[in-house]
Each structure stands twice: as C-alpha cells, then as structure tokens.
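Take a look at the letters that make up each chain.
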Amino acid sequence: RVELVDEKLVRLMQKAGLVELQFGVESGSERIRKDIIHKNFSTYHLENAYKICRKLGIHSNAFIMMGFPTETKEDLLSTKRLCLKLPIDIIGIHFTTIMPGSVLYDMSLKEKKISSDYWNKYALGETLNQPLYIPNGISKKYMEKVRLSTYKSFYFNPRFIWNRFVFDINHPQALLDDFKVAVSLLQRGNTGRGGEHGQ
C-alpha cells in the first residue's frame, strides 16, 4: 500500500533482494478511492511511492480498476491522466467484476444490473462471462475505449520504451519474457484473437 511506503523501508527491502513492487492504485479519483472503495491514500502518497521506486531502481507496477459505483467519465479520464503522470513501469487495467457475497454484488442486485440467479447460470455453464459493473451514465464501450487509449498512450510513450529497454538489458529473463509477449501479440494479431485483459 502506497501510504505505508517510505524510502528507508524500501532500501531495507532492497537489501533483502527486493526488485519489484506492485501497488493497487485502483483509480485516479481520490473521491472513488476514499468514499467508494475506502482506500484512504492521497495522490501525494501515490506520487511519493513511485518516485521512491524510480529513485532506487525498483521496478514498479500499478493495478488499475475501471467500473466503480458512481464512477463518471471524468473519473475515468482522471485515471488515465494519473497513469501517464506517475513514473510507473507497468500498468494493468481491469474492469470491476461483480463477485457473490460482496457489497458490490448486493448493490448490483438492487440496481437490477444482475439477476439473483446469475451465478447459478454461470456455475452451470449457461453463461460464459462473469458480470462486470458498468456505472450508470457510462457504457462498457466507453470504458473499453478509455482503457485502450490509456494502454496506447502509456506503452507507446518514448519514456516507457526507453525505460523498458534499459530494464530488459539489465534483466535477461525480463528480455526473454518481453520477447514471448511480443510473439504472442503478433500471433494474436495474425489470427484475429485477443484476450479482454491483454496488454
């Protein structure tokens, strides 16, 4: 968690062999983070954590979610701007999935976004996709558009390409992994297939 990170702690972890930190950033909107998902860290905490990682040469990941209750188009664009602003090495963006037993599940039932027998149908194989939470006033198509735009802006940024090149040169296994990913993406492009959460 970004609010628990300071330079002294990361230096100690680095001495113990730490090479990468992954943070649940979730959203670029402080309102979403604090009022909706109750992750009480500020944008300052985010900036500080990633700056420490960059300073010490720790590889950093960010896990991003789209599709929170009350989320607006502006909130989604705030998330995109944050991804491009912070010195992050890797981002992964996923849509919020409605899971049984969660507060979001109960909320989705009340909002009639899902039916009470949905998970029975899923367990029996009558439906193949887990339900996503699509906020009121936003379409899944719009969320997909913002996610794709964020990925393109992030991964085709010269800063990312250069930093990744330097990282790969210093980490042969990462270079091999990136090569495998590139081959996989080329193969998917040739066959017209692609996963929803692919990067």
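About the criteria used
Residues numbered from 1 in each chain as written. Predicted model: local features only at pLDDT ≥ 70, side-chain atom pairs only at ≥ 80, totals over all residues. Heavy atoms only, no water. Phe/Tyr/Trp six-rings, centres within 6.5 Å; stacked < 30°, edge-to-face > 60°. Buried < 20%, exposed > 50% of the residue type's maximum accessible area, 1.4 Å probe, protein only. Lys NZ or Arg CZ within 6 Å of the ring centre and 35° of its normal. Core = buried A, V, L, I, M, F, W, Y, C linked by side-chain atoms within 4.5 Å. Helix = DSSP H or I, 4+ residues; strand = E, 2+ residues; numbered from the N terminus. Contact = heavy atoms within 4.5 Å.

(A) Spotlight on the packing of aromatic side chains. Evaluated as defined, the whole model comprises three aromatic pairs. Consider the rings of F154 and Y155, whose centres lie 4.9 Å apart with planes at 80°: the pair is edge-to-face. No difference in accessibility class separates F154 from Y155, as the two residues are buried. Through successive ring pairs, a cluster of aromatic residues spans Y151, F154 and Y155. Taking the ring centre of Y142 as reference, the NZ or CZ of K73 above it sits at 4.8 Å. The side chain of K113 reaches across the aromatic face of Y133, ending 5.1 Å from its centre.

(B) Representation of the nonpolar core within the structure. Of all hydrophobic cores here, the largest spans 36 residues; its most connected members are V10, F23, L46, Y50 and I91. Among the secondary structure elements, those contributing two or more residues to this core are β1 (20–26), α3 (43–56), β2 (59–66), α4 (73–85), β3 (90–95) and α7 (140–155). In contact with F23, not counting residues within four places along its chain, are R1, V2, V5, A49, Y50, C53, N61, A62 and F63.

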